[in-house]
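Survey of secondary and tertiary structure
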Amino acid sequence: MADALAVHQLRKRYGANEALKGVDLRIGAGELVGLLGPNGAGKSTLVKIACGLVRPTSGTVRLGGAIGYLAELFRFPDWLSADELLVLHQKLARSPGGTGERRELLELVGLAEVADRRVGAMSKGMQQRLGIAQAMIGDPKLLLLDEPTSALDPAGRRTVRELLENLRERGVAVLLNSHLLSEVELVCDRVAIIARGEVVAAGSPDELSRAGGVEVTTGRGVRSFGQATREEVPQIVRELVEAGEDVYEVRVVRSSLEDTYLEVVGGK
């Protein structure tokens, strides 16, 4: 299947400031990709170009179909019901889906029972899910979600994670712009880290969480083997036992995604 999004050598200059410096990014059909980076790294510029809101200075953006978008600081009219809001966005998107599409989307995000509730009477988590429902109008192949869990409590974040996994199963690709590294690590297939207008690291969460040695708990305390790999563990244990030490626990140390993030963006 064609990629949901393919960005090649994307550059954007605002006067003397080069916000994007030749970014390459690919999102496959049904793939969840996390977009990480500090403020001013170029994430928002990339999303705005993908949405067609900003023109690139050079480079190409290819879409595999329609896209849906949910901004971080969205605000829906308080006086509209959930169903009325989706009617409005159906008109804006010129979607012919009608009542059936609205019913299906509200069911998807767990709001079917409150279709007549006013937005102003909804919790932040419910509004967030309603925002994802409006982004799904017109059956897009790609969703661009900007910080969809940042203002939610742990229960609300879990609900949105489950919804994102549901979207993956439906074949909808998602570009998730988030500062919550733990959320990205839990739900995303791949991660792209942007700093200073460039992609400085990319891969699966496991690939970006590198091995950092082996720790062995013995009767004499914890022994650290900083350069050892998982494959060397049996030999390490044999040598310790042969040397007369009792081995109680072995742990392969891995850096977290946060460690890698701080390293590549220049954090301490």
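Look up: the structure comes first, before these words.
Summary of the structure given here. (Residues numbered from 1 in each chain as written. Predicted model: local features only at pLDDT ≥ 70, side-chain atom pairs only at ≥ 80, totals over all residues. Heavy atoms only, no water.)

For the rest of this paragraph, the subject is the overall build of the chain. Across its full length, the chain carries nine helices and 12 strands. Its C-alpha atoms give the chain principal-axis dimensions of roughly 75 × 50 × 35 Å. Here the chain holds 268 residues, and 46% of them are scored as buried. The contacts in the chain between residues at least 6 apart in sequence include a share of 68% that link residues at least 24 apart. On the chain, roughly 14000 Å² of surface is accessible, and the fraction owed to carbon and sulfur atoms is 48%. With 34 positive and 37 negative side-chain charges, the chain shows a separation of 7 Å between the mean positions of the two kinds. (Helix = DSSP H or I, 4+ residues; strand = E, 2+ residues; numbered from the N terminus. Buried < 20%, exposed > 50% of the residue type's maximum accessible area, 1.4 Å probe, protein only. Contact = heavy atoms within 4.5 Å. Areas by Shrake-Rupley, 256 points an atom, 1.4 Å probe, with all protein chains shown as cover. Lys, Arg positive; Asp, Glu negative; His and termini not counted. Charge placed at Lys NZ, Arg CZ, Asp CG, Glu CD.)

So, about the pattern of salt bridges. Side-chain pairs of opposite charge can arise where the charged atoms are in close proximity. A complete count under the given rule lists 14 salt bridges for this structure. For R170, the salt bridge is made with E104, and the minimal N-O distance between the two is 3.4 Å. Here R170, found in the loop between α5 (154-169) and β7 (173-177), pairs with E104, found in helix α3 (residues 98-108); they are 66 residues apart in sequence, far enough to count as distant. E104 sits in the partly exposed class, given a relative accessible area of 44%. By sharing partners, the salt bridges in this structure join R11, R13 and E18 into a single network. (Salt bridge = Lys/Arg side-chain N within 4 Å of Asp/Glu carboxyl O.)

The next thing to look at is the pairing of strand β5 (residues 67-70). Here β5 shows one buried face, formed by G68 and L70, and one open face, formed by I67 and Y69. Note: β5 against strand β6 (residues 142-146), four bridges, orientation parallel. Its bridge partner being in β6, Y69 is matched across the sheet by L144. (Pairing = 2+ DSSP bridges.)

With that settled, consider the nonpolar core. Core analysis: the biggest nonpolar cluster contains 48 residues, and L36, L130, L143, L164, L167, V174 and I193 have the highest contact counts within it. If we skip the residues at most four places from it in the chain, V174 touches E31, L32, V33, L142, L143, L145, L164 and L167. (Core = buried A, V, L, I, M, F, W, Y, C linked by side-chain atoms within 4.5 Å.)

Moving on: the side chain of S178. The topology assignment puts S178 in the loop between β7 and α6 (181-187). A relative accessible area of 3% places S178 in the buried class. Look past the residues within four positions of S178 in its chain and what remains in contact with it is L35, L36, E147 and V184.

The next thing to look at is the packing of aromatic side chains. Under the definition given, this model contains one aromatic pair. Both rings, one in F74 and one in F76, keep their centres 4.9 Å apart while their planes meet at 40°; by these two values the pair is tilted. Residue F74 is classed as buried on the basis of its relative accessible area of 13%. Residue class for F76 comes out buried when judged on its relative accessible area of 10%. Over the face of the ring belonging to Y14 we find K12, whose NZ or CZ atom lies 5.1 Å from the ring centre. (Phe/Tyr/Trp six-rings, centres within 6.5 Å; stacked < 30°, edge-to-face > 60°. Lys NZ or Arg CZ within 6 Å of the ring centre and 35° of its normal.)

Another aspect to go through is the state of the cysteines. What is meant by a disulfide is a covalent connection between two cysteines, made through their sulfur atoms. Per the counting criterion, the structure on display carries zero disulfides. For C51, which is in no disulfide, the shortest distance to another cysteine sulfur is to C188 and amounts to 17 Å. According to the relative accessible area criterion, C188 is buried, its value standing at 7%. (Disulfide = S-S within 2.5 Å.)

Pairing within the open sheet is antiparallel, and its three strands lie in the order β2-β1-β4. Two strands bound the open sheet, and with one partner strand each, they are β2 (17-27) and β4 (58-63). The sheet shows a mean angle of 20° between the axes of neighbouring strands, taken without regard to direction. The pairing of strand β1 (residues 5-14) with β4 spans five bridges and is antiparallel. Along β4, the bridge assignment pairs L5 with L63. (Axes fitted to C-alpha atoms, helices over the stretch in contact; angles between N-to-C directions.)

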